[in-house]
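Spelled out, the chains give:
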Amino acid sequence: MALTKNKKVLDFVQESADLAQPDKIVWIDGSADQIKALKEEAVKSGELIKLNEHLLPDCYLHRTKVNDVARVEDRTFICTKNKEDAGPINYWMDPREAKELANEIARGSMKGRTMYVIPYSMGVVGSDFAKYGIEVTDSIYVVLNMNIMTRVGKSVLNKIGKDGDFIKGFHAKCNVDAEKRYIMHFPEDNLIISVNSAYGGNVLLGKKCFALRIASWLGKNEGWMAEHMLILGVTFPDGEKKYVAAAFPSACGKTNLAMLIPPKHYTDLGYKIETIGDDIAWIRVGEDGRLWAVNPENGFFGVAPGTNEHSNYNALQSTKRGTIFTNVALNTDDMTVWWEGLTKELPEHVIDWTGKPWNPAKFDKKDKSTCAAHPNSRFTAPAGNCPCISDKFNSEKDAVPLSAIIFGGRRASTTPLVYEARDWNHGVFIGSAMSSETTAAAAGAVGVLRHDPMAMKPFAGYHMGDYFAHWVDMGTKIKNPPKIFNVNWFRTDKDGNFMWPGFGDNMRVLEWILKRCSDTPVDAEETAIGYVPKAEDIDLTDLDYEICAGKKFGVDDLTAILTVDKEKWAKEAEELEGYYNGTIKDRIPQELWDCLATLKANCKVEKKTPATAAEAPAKPKPAAKKTDKE
Ligand code: GTP
Ligand code: SPV
Ligand code: MN
């Protein structure tokens, strides 16, 4: 029975049913009984495998089709009336053609099936930041994941009320045909359509589709920001708390940084980290002229491989109950889960992510096809499970004020461990200049260096140049802006070893960042690219990291990864100029051209004080660089 009298909701559900022709419509009320019954049904049909109730209570394993294991960027479309509005970096389709195509694919596709209607909230229901959505889907997996990742149920319909607005989301699994897979966004109609997938970011429509692509569009028009950022809080030994947001591309360390456990040296001093979010931040300007952020999600859709007790204890703990695992391996000895990096020893009796027995003897770390778990296998875990979740996370009023924004990516060379922007616009420039090696989070080649401005390349719902301009414009509205930094945990030596320990030891960098945000900032070195720490100001106490066999990390190694190589940066600037001049050109704000000119000038001449005067950028050279390994 329909759970609302809202005509717009009822019309959307009816239109969806008329198209897909399900046998049955079930409204998700969010009750524990209903969710329990759906889990039982999914176990019966084989869609979910029940895991060991004693070791992993209320946890399940799901395997997707092998052609459906990640976001599909080349099948993701922004469907605006004007192609220009979607911009050159997004794939675009005419909205009328897109709807016709989707209708053709989805027509009758739910025959013999049930269509579930999921009312959900991004943000705490009823809070100032909250926005609501209705997703219809024929997948129980989607219902159960949305129930973890968002706030679901009747309370949402009550808030939408009799004529409130919401984002419409239509999802039909169809035949999971990769050739007919489309993830379509209609920002002008508050509509998302997803067909022929049943995987994560393609189908949990509250996440990337709504909370980033549609929300970034709304944010531009309404004066706020939707970003691919984690949010964390740091408590200092004297009890003071500061908050930080960080944008890293997919599978580049947001979940890990958000749940970081500081080295013992720091916990002994009294430092503490709390998590507010690990993937998405909605950010507004507060009355005090600072930026305030919330995490609109209610769970973590985290990367499984590499997660273990030592690398990310808090994430692992989060998966111990009420979790759905996707495409990890099944340990049949005790019906628990396994993935590469969970334990050093390889378990013997394992079914791999495709459902076949796995032979540990054939496992070769360098050959992903021998892995038991898919490299983009994930856990969907309730945020409330996380041992270090912040008390601000679920509170109706509490956004958190940001002291710092951090950008970062996977860069084998060039980019130092950390550096600080000279001011807001320079920070925006640094974000716009981000490049990172691709990961398994999206279909396609892995390890290819590509531009991923602000980690939003796959997620900005409109023209990238206008998105940059929005950032610049926000800067004019923030009286007390956060400082902006860039980090790189992924520098490698000539043998491909990571030169920085990363994970918990990133606390050492975080401390420097926050010391730069204090009223009496620690000193820094002004370089061609911004402010870089003096090596002695990063605390290496008790750091015990072996870069490669027998070689322990020392101050020299720190100095090496803090060095700014002007020659490399001159090339970087030239390559960036090619990117700017490529497709975004006309809509790149002048402020960013000025920063580029400054960077070029700083890298060219040996000067004590870096130049700040803008020079006209030289004629473009097309971008050619494909890999970062030099
Ligand atoms: P999405 O959920 O895809 O947006 O990813 P994310 O940014 O949350 O990435 P996540 O924290 O899950 O990290 C993904 C991968 O990066 C894992 O394989 C981690 O082991 C690795 N990683 C994270 N932090 C570090 C680090 O500090 N150093 C190194 N070397 N690897 C890291
Ligand atoms: C990402 O790819 O950035 C993710 C996973 O966080 S997904 O939800 O699939 O987009
Ligand atoms: Mn993400």
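Look up a bit, the structure's there.
Residues numbered from 1 in each chain as written. Chains lettered and ligands numbered in written order. Predicted model: local features only at pLDDT ≥ 70, side-chain atom pairs only at ≥ 80, totals over all residues. Heavy atoms only, no water.

> Sorry, what's going on with the site of ligand 2 here?
Near ligand 2, the surroundings consist of R71, G201, K207, K208, H228, S250, D279, F301, R378, A441 and F459. At 2.9 Å from an oxygen atom of ligand 2 is found a side-chain nitrogen or oxygen belonging to R71. One of the backbone nitrogen or oxygen atoms of G201 is found 2.9 Å away from an oxygen atom of ligand 2. Partitioning the shell around ligand 2 into residue classes produces three nonpolar, three polar and five charged. (Near = heavy atom within 4 Å. Polar contact = N/O pair within 3.5 Å; in protein donor to acceptor, adjacent residues only side chain to side chain. Nonpolar A, V, L, I, M, F, W, Y, C, P; charged D, E, K, R; others polar.)

> Could you clarify how one ought to interpret the side chain of N486 in this entry?
Within the secondary structure, N486 sits in strand β28 (residues 483-487). Setting aside anything within four residues of it in sequence, one finds N486 in contact with F407, G408, T415, L417, V418, Y419, I430 and M434. (Helix = DSSP H or I, 4+ residues; strand = E, 2+ residues; numbered from the N terminus. Contact = heavy atoms within 4.5 Å.)

> Would you mind going over the coordination of the manganese ion (ligand 3) with me for this structure?
Perfect tetrahedral coordination of a metal by four donors corresponds to 109.5 degrees between them, and perfect octahedral coordination by six donors corresponds to 90 or 180 degrees. Donor atoms from the polypeptide that bind the manganese ion (ligand 3) are K208 (NZ), H228 (NE2) and D279 (OD), placed at 2.2 to 2.3 Å. The coordination sphere of the manganese ion (ligand 3) comprises six donor atoms, whose angles at the metal cover 71 to 175 degrees; the geometry is irregular. Motif for the manganese ion (ligand 3), donor spacing along one chain: K-x19-H-x50-D. Of this pair, K208 sits in helix α8 (residues 206-222) while H228 is found in the loop between β12 (225-227) and β13 (230-235), placing the two residues 20 residues apart along the sequence. On the basis of relative accessible area, H228 is assigned to the buried category, the value being 1%. (Donors = N, O, S within 2.8 Å, 3.2 Å for Na, K, Ca; no water. Tetrahedral: all angles 85-135°; square planar, octahedral: opposite > 155°, others 65-115°. Buried < 20%, exposed > 50% of the residue type's maximum accessible area, 1.4 Å probe, protein only.)

> Looking at this structure, how should I read the side chain of S318?
With respect to the secondary-structure elements, S318 resides in helix α11 (residues 313-318). If we skip the residues at most four places from it in the chain, S318 touches F300, T323, A381, P382, N385, C386 and P387.

> Just to check I follow, could you spell out the sheet that holds strand β19 (residues 324-326) for this structure?
Remark on secondary structure: sheet strands pair via backbone hydrogen bonds, oriented parallel or antiparallel. The mixed open sheet is built from five strands, whose spatial order is β2-β3-β19-β23-β18. Of all the strands in the sheet, just β2 (49-50) and β18 (299-303) have a single pairing partner and so form its edges. Note that β18 and strand β23 (residues 378-382) share five bridges and pair antiparallel. If you follow G299 over to β23, its bridge partner there is P382. (Pairing = 2+ DSSP bridges.)

> Any chance you could explain helix α5 (residues 140-149) here in plain terms?
Of all the ten residues making up α5, nine are buried; the element is thus mostly covered by neighbouring parts of the structure. Considered for burial, the residues of α5 that qualify are I140, Y141, V142, V143, L144, N145, M146, I148 and M149. Sitting at the head of α5, S139 places a side-chain oxygen 3.2 Å from the backbone nitrogen of Y141.

> Quick question: what am I supposed to make of the packing of aromatic side chains here?
Here the distance between the centres and the angle between the planes together describe a pair of aromatic rings. Going through the model one piece at a time under the given rule, you end up with 23 aromatic pairs. The interplanar angle of 65 degrees and the centroid separation of 6.2 Å between the aromatic rings of F77 and Y91 together place this pair among those described as edge-to-face. Note that F77 is positioned in strand β4 (residues 76-78) and Y91 in strand β5 (residues 91-92), a separation of 14 residues in sequence. Exposure remark for F77: the relative accessible area of 11% places this residue in the buried category. Among the residues examined, Y91 registers a relative accessible area of 40% and is labelled partly exposed. (Phe/Tyr/Trp six-rings, centres within 6.5 Å; stacked < 30°, edge-to-face > 60°.)

> Got a minute to help me understand the environment of N506 in this structure?
With respect to the secondary-structure elements, N506 resides in the loop between β28 and α14 (507-516). Residue classification places N506 among the buried positions, given a relative accessible area of 4%. Here the alpha-carbon distance between N506 and P262, two residues 244 residues apart in the chain, equals 8.0 Å. Among all residues touching N506, those that are not within four sequence positions of it are L257, L260, W489 and W500.

Don't take any of this as a statement about function, it's just geometry.
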